[in-house]
Amino acid sequence: MTNTINTHDKVLRVAWWVLGLTAFGLTLAIRIRLLGIPLERDEGEYAYAGQLMLQGIPPYKLAYNMKFPGTYAAYALLMLIFGQTITGIHLGLLLVNAATVVLIFLLGRKLINSTTGIAAAASYAVLSVSPSVLGFAGHATHFVILPVLGGTLLLLNHSDRQTLRPLFASGLLFGIGVLMKQPAIFFVFFGAFYLTFRGIRVGFDLKRILLQNLIFAGGVIVPFGMTCLVLWFAGVFNNFWFWTIDYARQYGSLVPLSEAPQIFIHNVKEAIGAGWALWVLGGIGLIAGLWDRRTRASAGVVLGVLVFSTLALCPGFYFRHHYFILVLPAVSLLVGVGISKVSDLLRDHLSVLSFSTFFLFGAALGLPILWESSFFFRASPGNACRMIYPESPFVESVRIAEFVREHTNPNDTIAVLGSEPQIYFYSNRHSATGYIYTYGLMEPQKYATQMQGEMIREIERTHPKYLIFVGMSESWLKRPGSEELIFTWAHDYIPQNYSITGLVDLSATDRTHYYFGDIPRPLPQLENYVLICERKS
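Residues numbered from 1 in each chain as written. Predicted model: local features only at pLDDT ≥ 70, side-chain atom pairs only at ≥ 80, totals over all residues. Heavy atoms only, no water.

Peer 1: Just to check I follow, could you spell out the pairing of strand 1 (residues 413–417) for this structure?
Peer 2: Consecutive side chains of a regular strand alternate in pointing toward one face of the sheet and then the other. Here strand 1 lies mainly inside the structure; five of its five residues are buried. Neither face of strand 1 is exposed, since Thr413, Ala415 and Leu417 on one face and Ile414 and Val416 on the opposite face are all buried. One ladder, built from two bridges, connects strand 1 with strand 2 (residues 430–431); its direction is parallel. Each residue of the ladder has a partner; that of isoleucine 414, found in strand 2, is serine 431. Considered for its hand, the β-α-β crossover made up of strand 1, helix 20 (residues 422–427) and strand 2 is right-handed. With four bridges connecting them, strand 1 and strand 3 (residues 466–471) associate as parallel partners. Looking at the pairing, alanine 415 lines up with leucine 467 of strand 3. (Buried < 20%, exposed > 50% of the residue type's maximum accessible area, 1.4 Å probe, protein only. Helix = DSSP H or I, 4+ residues; strand = E, 2+ residues; numbered from the N terminus. Pairing = 2+ DSSP bridges. Right-handed = clockwise from strand over helix to strand, strands pointing away.)

Peer 1: Can you help me understand the pattern of salt bridges in this one?
Peer 2: If charged atoms from side chains of opposite charge come close, those side chains can pair. Scanning the model with the defined rule gives nine salt bridges in all. Where glutamate 420 meets arginine 41, a salt bridge forms, and the shortest distance between an N and an O atom there is 2.7 Å. Placement of glutamate 420 in the loop between strand 1 and helix 20 and of arginine 41 in helix 2 (residues 41–54) is noted, with a sequence separation of 379 residues between them. In this structure, glutamate 420 and arginine 41 share a single accessibility class: buried. A salt bridge links arginine 294 to aspartate 292; its shortest N-O distance comes to 2.9 Å. By relative accessible area, arginine 294 is classed as exposed at 72%. Judged by its relative accessible area of 15%, aspartate 292 falls in the buried class. (Salt bridge = Lys/Arg side-chain N within 4 Å of Asp/Glu carboxyl O.)

Peer 1: I tried to follow the packing of aromatic side chains on my own but got confused; where do I start?
Peer 2: Aromatic ring pairs are defined here through the distance separating the ring centres and the angle between the ring planes. A full pass over the atoms with the stated rule returns 48 aromatic pairs. Relative to tyrosine 447, the ring of phenylalanine 242 has its centre 4.9 Å away and its plane inclined at 75 degrees; by these criteria the two rings are edge-to-face. Of this pair, phenylalanine 242 sits in helix 10 (residues 237–251) while tyrosine 447 sits in the loop between helix 21 (439–442) and helix 22 (448–462), and the two are 205 residues apart along the sequence. The same class applies to phenylalanine 242 as to tyrosine 447, namely buried. Above the ring of phenylalanine 204, the side-chain terminus of arginine 208 is found at 5.3 Å from the ring centroid. (Phe/Tyr/Trp six-rings, centres within 6.5 Å; stacked < 30°, edge-to-face > 60°. Lys NZ or Arg CZ within 6 Å of the ring centre and 35° of its normal.)

Peer 1: Mind showing me how you'd approach the packing of helix 12 (residues 276–291) against helix 16 (residues 356–371) here?
Peer 2: Packed helix pairs are specified by the crossing angle of their axes together with the interaxial distance, meaning the distance between the axes. For the pair helix 12 and helix 16, interaxial distance at closest approach is 7 Å and the crossing angle is 135 degrees. Accordingly, the angle class assigned to the pair helix 12 and helix 16 is oblique. In this structure, helix 12 contributes Trp276, Ala277, Leu278 and Leu281 to the contact, and helix 16 contributes Leu360, Phe361, Ala364, Leu365 and Leu367. When the residues that make up the contact of helix 12 with helix 16 are grouped by side-chain class, the tally is nine nonpolar, no polar and no charged. (Axes fitted to C-alpha atoms, helices over the stretch in contact; angles between N-to-C directions. Parallel < 35°, antiparallel > 145°, perpendicular 65-115°, else oblique. Contact = heavy atoms within 4.5 Å. Nonpolar A, V, L, I, M, F, W, Y, C, P; charged D, E, K, R; others polar.)

Peer 1: What am I meant to see in the pairing of strand 6 (residues 529–535) here?
Peer 2: The sheet contact formed by strand 3 and strand 6 spans six bridges and is antiparallel. Paired with isoleucine 468 across the strands is isoleucine 532, a residue of strand 6. Sheet topology places strand 4 (residues 498–505) next to strand 6; seven bridges connect them, and they run antiparallel. Looking across to strand 6, one finds that leucine 503 is bridged to leucine 531.

Here you go:
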């Protein structure tokens, strides 16, 4: 009887490993198939800033944005290794995602057991590739999660009899996470909360608890402090501070608190999407883990990660789809806890009943993949991009940039009136203005008029060889009360100084019309278009 039970347990363990590796292999295959999907605008920003860094140009000199520069540096490193191409960037993302999956497995195994780790890792692999969270794109949230999970693993593995160096190393990793994106500061709060709570739980005195937190905080501060020094020596610290602190404060206060619940409920539904079964399993894992005294401490740790990662969603109350990548590790670990608890509960029953947890989890993993099968397996990379971003010129940006690159010299500058920084990256041409996004110019914030005036002055001073005007609402997000100075200026400045040499018509939903050199006259009234204008001699 004992031999039968042991054989059954071995078969079940092998089955869990096969399922986990199959899920991971399938999501890996999906990412490989979509390596060529055109960059969206956030990826274009990171890629262009990373490209400039590889040329020795510091962030915030030719490209302004409110994000900390960590993701720029990460892109620069990935492009240095894999090349400055769409495929190279997404190959780097694939490796970042794979490393994150491994860390989630290690965390699940540390907290409960191997089954928990396998289920959590498989869940994250599936959830993080979903178009419902834009997981196929290299958003900063992917680059936040990797070092934060590494720091969390160091915290959990740290023994009170060890030296304090692992705590400092953990703080360094959390600090790197903050450099990727400011909301990662909430994960730092989790680390401090964990150290304090664990210290109280094991009976440390206040001095010991404070010392551990100071060592951890010292590690957190080092990456930010070094970054500030580097940017100061590069002469761009004032720009860095304005965009990442002063303007970011304005941006974070645009959405009133009263609208936050409605935005959150709407967007969390869309972010969950076809992965709802895994999220339900995560809820079961939270309840079951806290109910059982043997797993209560571990479930409490994951609950802490969930709470602080949810807080990381909240700055600005935008709750954009890719922000939810920040909570996926906690949700996935809770799925692992739930699967492990149910599996343990059924271990002493009939083998068929014991395997029911395995099949239930397999079905939960398969549901989002089957639901999005058209995106994952049938659509070409270009069509897959259009499926997710039908109102943005991401596919068209590749061809626009090719035209610009072929008709300019490397020393020529270009300007994009719109929020399409990927054009700068594809064309490998410097921007005539640091305003690679125009969203801030349209926002009801106190710097909007100042920003428009500065963008105008930079373009007039630099005289870019090509000026590209994006006539698409998604590229501007103009509001009823938006300042119109930039449009009034463009209406006069472009005809006086530039000739239209290209037109991209995106009005039709099923095809894009390109006109390079042979422009229809008179210009038709179009709803969605991009104008390519060459400076007059």
